[in-house]
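Residue-level listing of the chains:
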Amino acid sequence: MRKTHAIALAAALALGTLGSATTPAAAVPGCEANAICLWTGENGGGDLYVWKGGYVDVPAAFHDHVYSFRANRPGCFINYAEGTKEVRPVNPGDYADHYDEGFGAVLDAVGDAPC
């Protein structure tokens with residue numbers, strides 16, 4: 001009986017190890033509920049800023065350097081350039097892992113939706 005139990009335990013441990021071997025080593029971090037998370041690095045790397053509502057000029061480290069984001073609430077990304085205001089609406093479920101190739105390279109502020 002003990003030998004059967006030991007074999008079953010070894011098999012369970014082996015399956016658990018195999019299962020974890022397929023898990024990505026560097027998964028992109030999530031974002032808390034009712035927030036928009038901004039990172040200075042691609043794929044959720046670098047510094048993190050969590051926006052929960054209201055108009056906010058992003059901190060200096062994020063100004064024109066939002067290279068990934070996750071949205072769990074509606075919001076509005078804002079860029080000010082040469083006296084003009086450009087906006088991008090953001091909805092729950094929106095995300096980008098390489099936003100430096102998009103609006104993240106010019107993002108100055110975040111505000112409530114609608115834009």
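In this text the structure is predicted, and so the values were computed from the model without any measurement. (Residues numbered from 1 in each chain as written. Predicted model: local features only at pLDDT ≥ 70, side-chain atom pairs only at ≥ 80, totals over all residues. Heavy atoms only, no water.)

All right, on to the overall build of the protein then. Looking only at helices and strands, one finds one helix and eight strands in the protein. The linear arrangement of helices and strands in the protein, starting from the amino end, is α-β-β-β-β-β-β-β-β. Out of the 115 residues belonging to the protein, those deemed buried represent 30%. Across the protein, every contact between residues at least 6 apart in sequence was considered, and the portion connecting residues at least 24 apart equals 62%. Put simply, the protein shows about 7000 Å² of open surface, and 59% of that area lies on carbon and sulfur atoms. (Helix = DSSP H or I, 4+ residues; strand = E, 2+ residues; numbered from the N terminus. Buried < 20%, exposed > 50% of the residue type's maximum accessible area, 1.4 Å probe, protein only. Contact = heavy atoms within 4.5 Å. Areas by Shrake-Rupley, 256 points an atom, 1.4 Å probe, with all protein chains shown as cover.)

Attention now goes to the pairing of strand β6 (residues 84–90). With seven bridges joining them, strand β5 (residues 75–81) and β6 adopt antiparallel strand pairing. Within β6, the residue paired with F77 across the bridge is R88. In this antiparallel pair of consecutive strands, β5 and β6, the connection spans two residues, and E82 shows a positive phi of 50°. (Pairing = 2+ DSSP bridges.)

This part covers the packing of aromatic side chains. Enumeration according to the criterion identifies four aromatic pairs in this entry. With a centroid separation of 4.9 Å and 65° between ring planes, the pair formed by F69 and Y99 is classed as edge-to-face. A residue pair is termed long-range when its members are at least 10 positions apart, and F69 in strand β4 (residues 68–71) and Y99 in the loop between β7 (95–96) and β8 (109–111) qualify at 30 residues. Since its relative accessible area comes to 4%, F69 is described here as buried. (Phe/Tyr/Trp six-rings, centres within 6.5 Å; stacked < 30°, edge-to-face > 60°.)

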